[in-house]
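Residue-level listing of the chains:
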Number of protein chains: 2
Amino acid sequence: MELVTLAHGSGGTESAKLIKDLFFSYFNNDILCTQSDASLINPIPGVLAVTTDSFVVTPLFFPGGDIGKLAVCGTINDLSVSGATPLYLTAGFIIEEGFNMCPLEKIVYSMAKVSKLANVKIIAGDTKVVEKGKCDGMYINTTGFGVVEKYAPNHKLTAGDQIIVSGSLGDHGACIMSKRDMLTFESRLTSDCAPLHEVTEVILNASSNVRVMRDPTRGGLATTLNELIENTDKSMLIYEDRLPIKEEVRSFCDLLGLDPLYVANEGKLVCIVSQEDSLKVLKAIQNHPLSKDAAIIGEVTDNRSNKVYLKTYLGATKRLPMATGELLPRIC
Amino acid sequence: MELVTLAHGSGGTESAKLIKDLFFSYFNNDILCTQSDASLINPIPGVLAVTTDSFVVTPLFFPGGDIGKLAVCGTINDLSVSGATPLYLTAGFIIEEGFNMCPLEKIVYSMAKVSKLANVKIIAGDTKVVEKGKCDGMYINTTGFGVVEKYAPNHKLTAGDQIIVSGSLGDHGACIMSKRDMLTFESRLTSDCAPLHEVTEVILNASSNVRVMRDPTRGGLATTLNELIENTDKSMLIYEDRLPIKEEVRSFCDLLGLDPLYVANEGKLVCIVSQEDSLKVLKAIQNHPLSKDAAIIGEVTDNRSNKVYLKTYLGATKRLPMATGELLPRIC
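What you see is a predicted model, and the numbers here were worked out from it, not measured in a lab. (Residues numbered from 1 in each chain as written. Chains lettered and ligands numbered in written order. Predicted model: local features only at pLDDT ≥ 70, side-chain atom pairs only at ≥ 80, totals over all residues. Heavy atoms only, no water.)

Student: What am I meant to see in the domain arrangement of chain A here?
Tutor: Frequently, the measure chosen for interface size is the accessible area removed from exposure when the parts meet. All names here are of chain A. Once the domains are mapped, chain A shows domain 1 (12-148) and domain 2 (162-319). Here domain 1 and domain 2 have C-alpha centroids that lie 27 Å from each other. Each partner contributes residues to the interface: domain 1 has 20 residues there, and domain 2 has 21 residues. One can count 0 salt bridges joining domain 1 with domain 2. Between the two partners, domain 1 and domain 2, sit 6 residue pairs in polar contact (both at pLDDT 80 or more). Among the elements that line the side of domain 1 that touches domain 2, the one with the most residues is helix H3 (residues 67-81), at 9 residues. (Domains from an automatic or database assignment. Contact = heavy atoms within 4.5 Å. Salt bridge = Lys/Arg side-chain N within 4 Å of Asp/Glu carboxyl O. Polar contact = N/O pair within 3.5 Å; in protein donor to acceptor, adjacent residues only side chain to side chain. Helix = DSSP H or I, 4+ residues; strand = E, 2+ residues; numbered from the N terminus.)

Student: Teacher, can you tell me more about the relation of the copies chain A and chain B here?
Tutor: Both copies of the chain are tied together by a single rotation about an axis and a shift running along it. With an RMSD of 0.0 Å, the operation that places chain A on chain B is a rotation of 180° combined with a shift of 0.0 Å along the axis. Here the two chains are linked by the operation of a two-fold rotation axis. If distances are taken from each C-alpha of chain A to the rotation axis, the shortest is found for Cys135(A), at 2.4 Å. Here 100% of the contact residues of chain A are again contact residues in chain B; the copies associate through an equivalent surface. (Least-squares fit on C-alpha atoms with pLDDT ≥ 70 in both.)

Student: Help me understand the packing of helix H5 (residues 171-178) of chain B against helix H8 (residues 247-256) of chain B in this model?
Tutor: Residue and element names in this part refer to chain B. Contact geometry for H5 and H8: axes closest at 10 Å, N-to-C directions at 55°. Judged by the angle between their axes, H5 and H8 are oblique. Both H5 and H8 take part in a crossing whose hand is left-handed. Residues Asp171, Ala174, Met177 and Ser178 of H5 lie in contact with H8, whose contacting residues are Val249, Phe252 and Leu256. Taken together, the residues of the contact of H5 with H8 sort by class into 5 nonpolar, 1 polar and 1 charged. (Axes fitted to C-alpha atoms, helices over the stretch in contact; angles between N-to-C directions. Parallel < 35°, antiparallel > 145°, perpendicular 65-115°, else oblique. Left-handed = near helix turned anticlockwise from the far one by under 90°. Nonpolar A, V, L, I, M, F, W, Y, C, P; charged D, E, K, R; others polar.)

Student: Hey, could you run me through the interface of chain A and chain B in this one?
Tutor: With 73 residues of chain A at the interface, the matching set in chain B holds 73 residues. Here chain A and chain B share an interface that buries about 5,600 Å² over both sides, 54% of which is from carbon and sulfur atoms. Interface area lost by chain A to chain B is led by Asp37(A), Val50(A) and Arg218(A), which between them contribute 12%. Seen at the junction of chain A and chain B, the total is 12 salt bridges. With its nearest N and O atoms 3.5 Å apart, the salt bridge here joins Glu230(B) to Lys20(A). Between the two partners, chain A and chain B, sit 29 residue pairs in polar contact (both at pLDDT 80 or more). Here the residues of the side of chain A that touches chain B sort into 31 nonpolar, 25 polar and 17 charged. By the bridge criterion, 3 bridges tie strand E2 (residues 48-55) of chain A to strand E1 (residues 39-41) of chain B in an arrangement that is antiparallel. (Buried area = accessible area lost by both parts, 1.4 Å probe. Pairing = 2+ DSSP bridges.)

Next up, the structure:
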């Protein structure tokens, strides 16, 4: 069974072989395979969107995905919700000495597969190998570039704007949590990890009044909504009975005393759109398989306190603060 | 003494505070501080160069630099030697729980300082915190992009082309090695870690016949030369008596049985240029403080074996193969 050694990160013969046999073979494209210090790409006409994320998720493989799929989707989604069409990714690997080549190949295959699906090229990479005990299997950084083709939602919120989520909440976080060493639940929990570039395209085609789109990852929906409202003179009101949450996620969160509104998603977005366009956007995305359970969950209000409020099942209104402390370390 | 906690990587209140107080404060620029999922930048007219690198150097601080300076310079240099003017960087941090805020701030300050010097903006970032024992203090990924303003050297080597190095060889690797736990030498060894964007600009201004530029990092000069020659029908001949190597680096390498030609550099480049332009390029870069010790060390030859040969002090010719195995783990 072949293992990754420190020599694979040395920049010498073994590095070159790993790069050619594995990365070039799966990420195969002209730009990457020139193997220069930097990759050259043709001019991109338009506003560029750039984002970076490091992924340290544990476990590396989980129902619905693995660290490779997660890394590519996470970066594609950050570009997509900014209104950009994802074009190129870079991938930086930090691998622990002794890591098995077989799961490494599976992870690289996952990255190649979902990149291809999203029509995104992985054009530059880097591999470092660290000694045993200086990493947890592997970490991946993905940095992405895209171009704004239609428009970049401008963030200005107006009272009456509707808040849409593209589907069930908390799936990724609950799935990862259930697979941790300490908690091996037998469950149907599956990560929602998916690339959202088509969903954002549908949204931007359906309305030119999208205020903002975001993917509620770490900290969950509640944290994302707080970030969106914090520098405004508005508030948000969310209706508990409209929140799409899968029964298995709700039960799992109940069991651990977690609130699914603070649990990470990796294939969902929140979109705030003018009241008049909201039903049009909702119907449009409900036709896409990744957002068939989309729902309008609340609205922007004139309350100047810039807070997020939840109208509960029982009719009470309570504040949904930003997440504090560490809910679920290494969820992505 | 404030320490980094898992909460600083949670995406919640503590993450937001760390980002604002530390990263926004040092990397301060309009693009970064919009704090979106992706940063938007105006169209860049021209061919883009893109590169990514993860830095796992140990120790984090060393004579001549630290992991932050190294990460920024490394990425600037990869862009510069490709013929591009570096414009923007992203920075992804993986930090070990319990890391002290004070060295973290020093590292971020180093990154800000050298970026400013190179007129490069850090426009997107990410911070993940992992549990104790799952990292070695901190790792940084920097991804950079720039624009080709003059020309991107085209790599076609011709017999007679001259091989120039911009200064003394092996300084970074020898310095890092001397500071490792097991080997605490008292020495004057200092890393050459520096941004080379001005040196490459001088080179491209001096000649339109630059075949290729590279920064010989991991694997050292010998590995870089082998990479450059491997897919050609030429060879290279290097003269031992022309190699600029500092006395302290030579002694240190002798002591450990290392060959400075395989030891990493982080502020040097190798440039191959047409014979007729070689003296012009040499003289031009000798006027820049970062390349005042530049030398022509050899030439491209018609020998079709695509190998690198060294003419020794004694007049013998021996092959300089590519590095194999792991010479110096975690040098960058």
